[in-house]
Amino acid sequence: MFAGRRIVLGVTGGVAAYKAAYLARRFIELDAEVRTVMTPAAEQFIGAATFAALTGTNPVTDLFGGTDVSPHTTLAAWADLIVVAPTTAATLSKLAHGESSNALTATVLATRAPVVVAPAMHTEMWEHPATRENVAIIERFGYTVIPPESGALAGGDHGVGRLADPEMIVAVVDGILGTGDLEGEVVLVTAGGTRESIDPVRYIGNRSSGKMGNAVARSAVDRGARVILVSAGTAPSDLGGIQFVPVESAADMAEAAWTHAPQCTIAVMTAAVADFRPKEPRSDKLRRAEGLPDIDLEPTPDVLKGVHESDPRPYLVGFAAEVGSLDTAVDKAKRKGVDLLVANDVAIEGSGFGSDNNQVAMVTPLGDVEHLPLMPKADVATAIWDRVVEARRSTPRT
Ligand code: PMT
């Protein structure tokens, strides 16, 4: 499951470094996004330009001197998975001992993503007790080690130590990425606050930024889903794996969401959609001199309702923006026909609109209500997906 997944390929200084170029190309062919990080020794064997050409981004080769003041933490946070291939005995030792003196080892130390290590070295080095111990240590960290094969080695030697077949490395990476519990799902997310034109300059809007929807979309991609994000808010800084559909008004959002909904297995409606719009938006600018305008309003389309009526209907997660008590949320969940309602009191300081955090309650139409503490929107997204996955395990897919 490579599409849209972000792979950091670490390359160290062994003769098998040329095979890393093949790996980079394979990951790209499989629609992954690839960035590379190289040790200084790797550059003795293969040029950074090779990886730049294959991946479209310059490899990170140094902790210092680039435009990014912290390239290792940037890469570490970006990665869905890090694969170090080939891994020399020296780098293996550094990984085992948390030694972060170069960009590659610092990136691995800084990541929370799964790490795959494919060693390549001479037989004597591979079989040395120090290397055996280092392998055992990194396996205890949870790293996946792909042992080397037997074959021709540098200097005309022969024995165990040759880098595993690159296709085997691809298969192992696929197995790890493919464990996403939303694999095979197509997810529709609505996000942001719609804008309803009064005239070419002014609109009726609201305070939604799109952050909640962006977090839901990113989390779904990370768990293996294909995501369509229909948004009137700011686009995510990282669009990897996300089909982004920008919209402005409730009508635009309805059209886009209703077009995509029948192909989607799950829909999460985080958008703050205007309930009313000016009946006849002006084509010219309202002038102060004309006095107070009379603006007739009319209802906007109910985007969620249309998604609910689509055939087949996706598993439906609604949001509810309340002020104060969430007591009406169960009724709203029933009335809206959702499978799950995420209710938030948008009056709480540091929560809801525009904030990086949110305090929500998970509400089902059956009357279950679970209040969660204030937490980052990324964690709210995780909590939503945990519940959706759990619910869909016990309910047949529509
Ligand atoms: O975008 P952020 O700045 O990160 O802020 C996140 C948020 C506060 C906007 C989000 O957490 C949230 O509460 N979203 C729902 C906002 C809302 O409009 O709630 P509502 O109770 O008015 O609507 C109920 C549900 O119907 C929502 O899923 C909404 O998307 C949907 N709806 C409402 C009206 C309409 N015309 N069409 C709809 O689809």
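Please refer to the structure higher up on the page.
The shown structure was predicted, so the numbers you read here are calculated from the model rather than taken from an experiment. (Residues numbered from 1 in each chain as written. Predicted model: local features only at pLDDT ≥ 70, side-chain atom pairs only at ≥ 80, totals over all residues. Heavy atoms only, no water.)

## Focus on the overall build of the protein
For the protein, the count of helices and strands is 14 helices and 21 strands. Across its three principal directions, the C-alpha atoms of the protein cover 85 × 50 × 40 Å. Put simply, the protein has 398 residues, and 51% of those count as buried. When contacts within the protein are restricted to residue pairs at least 6 apart in sequence, those whose partners lie at least 24 apart make up 66%. Accessible surface, the protein: about 18,500 Å² in total, of which carbon and sulfur atoms supply 52%. Within the protein, one finds 35 positive and 49 negative side-chain charges whose respective centroids are separated by 3 Å. (Helix = DSSP H or I, 4+ residues; strand = E, 2+ residues; numbered from the N terminus. Buried < 20%, exposed > 50% of the residue type's maximum accessible area, 1.4 Å probe, protein only. Contact = heavy atoms within 4.5 Å. Areas by Shrake-Rupley, 256 points an atom, 1.4 Å probe, with all protein chains shown as cover. Lys, Arg positive; Asp, Glu negative; His and termini not counted. Charge placed at Lys NZ, Arg CZ, Asp CG, Glu CD.)

## Section: the site of the ligand
Lining the immediate environment of the ligand, one finds 30 residues, of which Ser 208, Ser 209, Ala 271, Lys 332 and Asn 344 sit closest. The contact in question runs from an oxygen atom of the ligand to an N or O atom on the side chain of Ser 208, over 2.6 Å. Between the ligand and Ala 271 there is a distance of 2.6 Å, counted from an oxygen atom to a backbone nitrogen or oxygen. A total of 770 Å² of accessible area belongs to the ligand in isolation, and the protein chains cover 95% of it. Elements supplying a minimum of two residues to the shell around the ligand: helix H10 (211–222), helix H12 (303–308), strand E16 (315–322) and helix H13 (329–336). Examining the composition of the shell around the ligand, we find that 4 residues originate from one element, E16, more than from any other. Considered class by class, the residues forming the shell around the ligand number 14 nonpolar, 10 polar and 6 charged. (Near = heavy atom within 4 Å. Polar contact = N/O pair within 3.5 Å; in protein donor to acceptor, adjacent residues only side chain to side chain. Nonpolar A, V, L, I, M, F, W, Y, C, P; charged D, E, K, R; others polar.)

## A short note on helix H9 (residues 166–177)
Taking 1.5 Å of rise per residue, the 12 residues of H9 would be expected to cover 16 Å, and the 16 Å separating its terminal C-alpha atoms lies within 8% of that figure. For H9, every residue scored as buried is listed here: Pro 166, Ile 169, Val 170, Val 173 and Leu 177. Axial view of H9: buried residues confined to an arc of 100 degrees, hence all on one face. On its buried face, H9 is in contact with strand E1 (6–11), helix H1 (17–29), strand E3 (81–87) and strand E4 (115–119). Sitting at the head of H9, Asp 165 places a side-chain oxygen 3.0 Å from the backbone nitrogen of Glu 167. (Expected span 1.5 Å × (residues − 1). Arc of directions from axis to C-beta.)

## Section: the sheet that holds E3
As summarised here, the arrangement of the 5 strands in space is E2-E1-E3-E4-E5, forming an open sheet in which the pairing is parallel. Where the open sheet ends on each side, the last strands, each with one partner, are strand E2 (33–38) and strand E5 (144–145). As paired strands, E4 and E5 are joined by 2 bridges and run parallel to one another. Bridge pairing in E5 links Val 117 to Val 145. Helix-sheet contacts for helix H3 (residues 48–55) involve E1 and E2, and the interaxial angle to E2 is about 170 degrees. (Pairing = 2+ DSSP bridges. Axes fitted to C-alpha atoms, helices over the stretch in contact; angles between N-to-C directions.)

## Things to note about the pattern of salt bridges
One pass over the structure, following the stated rule, counts 22 salt bridges. Ionic pairing is found between Glu 29 and Arg 26, a salt bridge with its closest N-O pair at 2.9 Å. One end of the pair is Glu 29 and the other is Arg 26, both in helix H1 and 3 residues apart, which spans about a single turn. For Glu 29, a relative accessible area of 44% corresponds to the partly exposed category. Residue Asp 386 pairs with Arg 223 through a salt bridge whose shortest N-O separation is 2.7 Å. Of this pair, Asp 386 sits in helix H14 (residues 377–394) while Arg 223 is found in the loop between H10 and strand E11 (226–231), placing the two residues 163 residues apart along the sequence. With a relative accessible area of 37%, Asp 386 lands in the partly exposed category. Three or more residues joined by partner-sharing salt bridges are found here, namely Arg 5, Arg 6, Asp 80, Arg 218 and Asp 222. (Salt bridge = Lys/Arg side-chain N within 4 Å of Asp/Glu carboxyl O.)

## Overview of H13
Looking only at H13, the buried set comprises Ala 329, Val 330, Lys 332 and Ala 333. Along H13, the residues classed as buried sweep out an arc of 160 degrees about the axis, all on the same side. Residues of H13 that are buried in the fold lie against E16, strand E17 (340–345), strand E19 (360–363) and strand E20 (369–371). Of the residues trailing H13, Gly 337 is marked for its positive phi of about 70 degrees.

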